[in-house]
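What follows is each chain in one-letter form.
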Amino acid sequence: MGVEYVSVQWNRQKKLYDAVLVGGVAVYLVIFSVLTKMLFPHATDEIMLIRAFGTGAFLLLHVILCIGPLCRLNPKFLPLLYNRRHAGVTCFLLGLIHAVLVVITYHAGSDTNPILSIFVSGKFTGTAGTMPFQSFGFIGLVILFLMAATSHDFWLANLSAPVWKSLHMLVYVAYALLVLHVTYGVLQGEGSPVYVGAVAVGLVTVLWLHLTAARKERELDTELVTSNKDQEFVDACAVADIPENRARIVCLSGERVAIFKYDGKISAVSNVCQHQNGPLGEGKIVYGCITCPWHGYQYQPDTGASPPPFVEKVPTFNVQVKNGRVFIHPKPNPAGTKAEPASASS
Ligand code: HEM
Ligand code: FES
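Before going further, it helps to spend a moment on the environment of tyrosine 184. Along the polypeptide, tyrosine 184 turns up in helix 9 (residues 171–188). When the C-alpha positions of tyrosine 184 and alanine 214 are compared, they lie 30 Å apart, and in sequence the two are 30 residues distant. Every residue in contact with tyrosine 184, bar those within four places of it in the chain, is listed here: Ala128, Met131, Phe133 and Phe136.

Below you can see the structure in the form of structure tokens.
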């Protein structure tokens, strides 16, 4: 959904995003292949391609996992988030090509079913050297497939936001499995130990970014007002603290509320976008509507409802302004309920 209430299809930003994505992947594959040929002249073309696509998928997965916390730490990274699902689909396709090449190269020659062969080709005896690393890769790939297949908004609408979100949180399970896959794969094979060092650097980077972003969010929440739901209006902030056409986020009864100032009025809505839980309070008012900073879904500030024909709704909060301070009632109104805006100059 865009600023003028039309569905966003293939706009310029999406095309640019995909061009950079595909171009970046192509450049990576070429550089990796050339370097492999130079540094490991005995590696066959199949091995070179297996490694190029496997490392490409794994690297892209790191980028995808880092985009979320980077955006929480600095809004300059938001353009990366805009079309992150295409990066996810690309990651799956690279992993799939890697897996297909492995199956053709290592598993297609015997009488055993090639897919079954992934699971039974080595016997696990409890040692690191016999760890079934290919099975980890297989399960990781299945999770990447499920996420890629349900990445379209059609599935978000049909599965419901909480189910969709839980499904997509499996990316962390896939990541853990693929860290094991690569680490044990390298330990068992003739791959360079540089891979193990690179996996450790990647893991530390992903963990560090997530912990730093979580700490920042926690600081934000503790700074904010707390109360219980039955309490009367709560002093949330000064009108002067809210920039024009933007919001200030406060925490009421454990929920984040975005208080917007626009056209001399103050309105408050839940901070959580119905699309993919984006932070509405970090967006701005565009054409009279709150516009989510992640993918541009819009909501009317007084009703919390998306402009027709869209049907998304977020809860609203009753607001008062007295002596230049904004007071919010901690009990949210049902999603889409009109809450009379307060005059910013009261
Ligand atoms: C059915 C699924 C998979 C199978 C059977 C599989 C199998 C393998 C095998 C046999 C190797 C060792 C290759 C060699 O060096 O000779 C390997 C390595 C590797 N795999 Fe996978 N893999 C699968 C899925 C994935 C996925 C989904 C990713 C990433 C998203 C991935 C990333 C890697 C990486 C980075 C390496 C180390 C580089 C290399 O030596 O090739 N794999 N995999
Ligand atoms: S528009 Fe996607 S999370 Fe809000």
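Right, picking up where we left off after that structure.
As a rule of thumb, non-glycine residues mostly have phi less than zero, and peptide bonds are mostly trans rather than cis. Proline 309 follows proline 308 through a cis peptide bond whose omega is 10 degrees. Mapped onto the fold, proline 309 is located in the loop between strand 7 (298–299) and strand 8 (316–317). Here the phi dihedral of asparagine 245 falls at roughly 65 degrees; this positive angle occurs in a residue that is not glycine. Position of asparagine 245 among the secondary structure elements: in the loop between strand 1 (234–238) and strand 2 (247–252). Taking relative accessible area as the criterion, asparagine 245 reaches 29% and is therefore assigned partly exposed. A positive phi is found at asparagine 323, a non-glycine position, where the angle reads about 50 degrees. Along the chain, the position of asparagine 323 falls in the loop between strand 9 (319–322) and strand 10 (325–328).

A word on the pairing of strand 4 (residues 265–270). Among the 6 residues in strand 4, 5 count as buried, and that is most of the element. For strand 3 (residues 255–262) and strand 4, the ladder comprises 6 bridges, and the chain directions are antiparallel. Within strand 4, the residue paired with isoleucine 259 across the bridge is alanine 268. In textbook terms, the turn of a hairpin is the stretch between consecutive antiparallel strands, and for strand 3 and strand 4 this stretch comprises 2 residues, one of which, aspartate 263, has a positive phi near 45 degrees. Bridge analysis of strand 4 against strand 11 (residues 342–343) gives 2 bridges, and the strand direction is antiparallel.

We now examine the layout of surface pockets. Looking at the second largest pocket, its volume works out to about 930 Å³. Elements with a minimum of two residues in the lining of the second largest pocket: helix 2 (45–73), helix 3 (78–82), helix 4 (84–107), helix 6 (133–149), helix 8 (161–169), helix 9 and helix 10 (194–222). Residue contributions to the lining of the second largest pocket peak at 6 residues, all from helix 2. Looking at side-chain class alone, the lining of the second largest pocket contains 20 nonpolar, 11 polar and 6 charged residues.

So, about the sheet that holds strand 1. The strands making up a sheet associate through hydrogen bonds between their backbones, and the pairing can be parallel or antiparallel. Taken in spatial order, the 3 strands line up as 1-10-9 in an open sheet, and their pairing is antiparallel. Since the sheet does not close on itself, it has two edges, and those belong to strand 1 and strand 9, each with one partner. Strand-to-strand, the axes of this sheet are offset by a mean angle of 30 degrees, without reference to chain direction. In this structure, strand 9 lies alongside strand 10, joined through 4 bridges in antiparallel fashion. When the sheet's bridge partners are listed, glutamine 320 is paired in strand 10 with phenylalanine 327.

Another aspect to go through is the packing of aromatic side chains. The tally for this structure, following the rule as stated, stands at 5 aromatic pairs. When the ring of tyrosine 28 is compared with that of phenylalanine 32, the centres are 5.8 Å apart and the planes differ by 35 degrees; the resulting orientation is tilted. Taken together, the residues tyrosine 28 and phenylalanine 32, both in helix 1 (residues 12–39) and 4 residues apart, mark about one turn of the helix. Accessibility expressed as a relative area gives 24% for tyrosine 28, which makes it partly exposed. Considering the side-chain rings of phenylalanine 154 and tryptophan 155, the 5.3 Å spacing of their centres and the 90 degrees angle between planes classify their relative orientation as edge-to-face. Across the ring face of phenylalanine 327, the terminal group of lysine 322 is positioned such that the distance to the ring centre comes to 5.4 Å.

About the thresholds
- In this convention, every chain numbers its residues from 1, walking through the sequence in written order.
- Lettering for chains starts from A, numbering for ligands starts from 1, and both go in the order in which the items are written.
- Totals for whole chains, interfaces and linings use every residue, but because this is a predicted model, local features are given only for residues with pLDDT of at least 70 and side-chain atom pairs only at 80 or more, for both listing and counting.
- Neither water nor hydrogens contribute to the side-chain values; these are computed over all heavy atoms in the structure.
- By the criteria applied, helices consist of DSSP H or I runs no shorter than four residues and strands consist of E runs no shorter than two, each listed in order from the N terminus.
- For this analysis, residues touch if any pair of their heavy atoms sits within 4.5 Å.
- Buried, partly exposed and exposed residues are distinguished by accessible area as a fraction of the type maximum, computed with a 1.4 Å probe on protein chains only: under 20%, between the cut-offs, and over 50%, respectively.
- If DSSP finds at least two bridges between two strands, the strands pair.
- As defined here, a cavity is a set of points on a 1 Å grid over the protein atoms alone where a 1.4 Å probe fits but cannot get out. A pocket is an open set with protein on both sides within 12 Å along at least five of seven lines, and residues line them when an atom is within 4 Å of a point.
- Grid points are joined across faces, edges and corners, and a volume is the space filled by probe spheres set on the points.
- Ten residues, namely Ala, Val, Leu, Ile, Met, Phe, Trp, Tyr, Cys and Pro, are considered nonpolar, four, namely Asp, Glu, Lys and Arg, are considered charged, and the remaining ones, Gly among them, are considered polar.
- For every element, the axis is a line fit to its C-alpha atoms; helices are fit only across the contacting stretch, and the angle between N-to-C directions ranges from 0 to 180 degrees.
- Pairing of aromatic rings covers Phe, Tyr and Trp, the last through its six-membered ring, and needs centres within 6.5 Å; plane angles under 30 degrees mean stacked, over 60 mean edge-to-face, and all others mean tilted.
- Sitting over a ring, as applied to charges here, requires NZ of Lys or CZ of Arg to be within 6 Å of the ring centre and within 35 degrees of the ring normal.

What is shown is where atoms sit, not what they do.
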